[in-house]
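Here's the letter readout for the chains.
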Amino acid sequence: MDMKKVILSMIAGAAFMVSCGPKSTAVTGPKYTASEKLVQGKTIFENSCAKCHKLPDPAKHDDQGWIKTLSRMAPKAKLSTDQHQMVYDYLISVNKK
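Just so it is clear, the model here is predicted, and its values are computed rather than measured. (Residues numbered from 1 in each chain as written. Predicted model: local features only at pLDDT ≥ 70, side-chain atom pairs only at ≥ 80, totals over all residues. Heavy atoms only, no water.)

Topic: the nonpolar core
If you look at the biggest cluster of nonpolar residues, it comprises 16 residues, and the most contacted ones within it are Phe45, Leu70, Val87, Tyr88 and Leu91. Those elements that provide at least two residues to this core are helix 2 (35-49), helix 3 (63-73) and helix 4 (81-96). At six residues, the largest contribution of residues to this core is made by helix 4. Leu70 has contacts with Pro75, His84, Val87, Tyr88 and Leu91, leaving out every residue within four places of it along the chain. (Core = buried A, V, L, I, M, F, W, Y, C linked by side-chain atoms within 4.5 Å. Buried < 20%, exposed > 50% of the residue type's maximum accessible area, 1.4 Å probe, protein only. Helix = DSSP H or I, 4+ residues; strand = E, 2+ residues; numbered from the N terminus. Contact = heavy atoms within 4.5 Å.)

Structure below.
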């Protein structure tokens, strides 16, 4: 492989990594209880999740079920770690009521 091809493949790889958006780390439990964070979580849930599918009922999963579901879906929705956490906290707060 010549140097030009190596450089082009490196540029393509870097562009791909940037296009993947922010990566969300796994949520392991609740973090936010402040009402403004829960409202933000609700807004993110409604706006991000509804882009691809019908919004699921928050009662569909328990706390652990939402951890599994969101860990799979947050990267697809390109949620940041903080956004991922706020959506999780919103969903479990609704379930507790």
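A look at the side chain of Ser93
By the element assignment, Ser93 lies in helix 4. Note on Ser93: relative accessible area 17%, which makes it buried. A distance of 2.8 Å separates a polar side-chain atom of Ser93 from the backbone oxygen of Tyr90. (Polar contact = N/O pair within 3.5 Å; in protein donor to acceptor, adjacent residues only side chain to side chain.)

With respect to the packing of aromatic side chains
Enumeration according to the criterion identifies one aromatic pair in this entry. An angle of 45° between the planes, with centres 5.9 Å apart, marks the rings of Phe45 and Tyr90 as tilted. With Phe45 in helix 2 and Tyr90 in helix 4, this pair connects stretches of sequence that are 45 residues apart. Across this residue pair, the class does not change: Phe45 and Tyr90 are buried. (Phe/Tyr/Trp six-rings, centres within 6.5 Å; stacked < 30°, edge-to-face > 60°.)

Focus on the packing of helix 3 against helix 4
For the pair helix 3 and helix 4, interaxial distance at closest approach is 10 Å and the crossing angle is 150°. Taken together, helix 3 and helix 4 sit at an angle that is classed as roughly antiparallel. Seen from above, helix 3 lies across helix 4 with right-handed handedness. Across the interface between the two elements, Asp63, Trp66, Ile67, Leu70 and Ser71 of helix 3 pack against His84, Val87, Tyr88, Leu91, Ile92, Asn95 and Lys96 of helix 4. (Axes fitted to C-alpha atoms, helices over the stretch in contact; angles between N-to-C directions. Parallel < 35°, antiparallel > 145°, perpendicular 65-115°, else oblique. Left-handed = near helix turned anticlockwise from the far one by under 90°.)

Brief notes about the environment of Pro56
Among the structural elements, Pro56 can be located in the loop between helix 2 and helix 3. Separated by 10 residues in sequence, Pro56 and Glu46 place their C-alpha atoms 9.9 Å apart. Leave out the neighbours within four places in its chain, and Pro56 touches Phe45 and Trp66.

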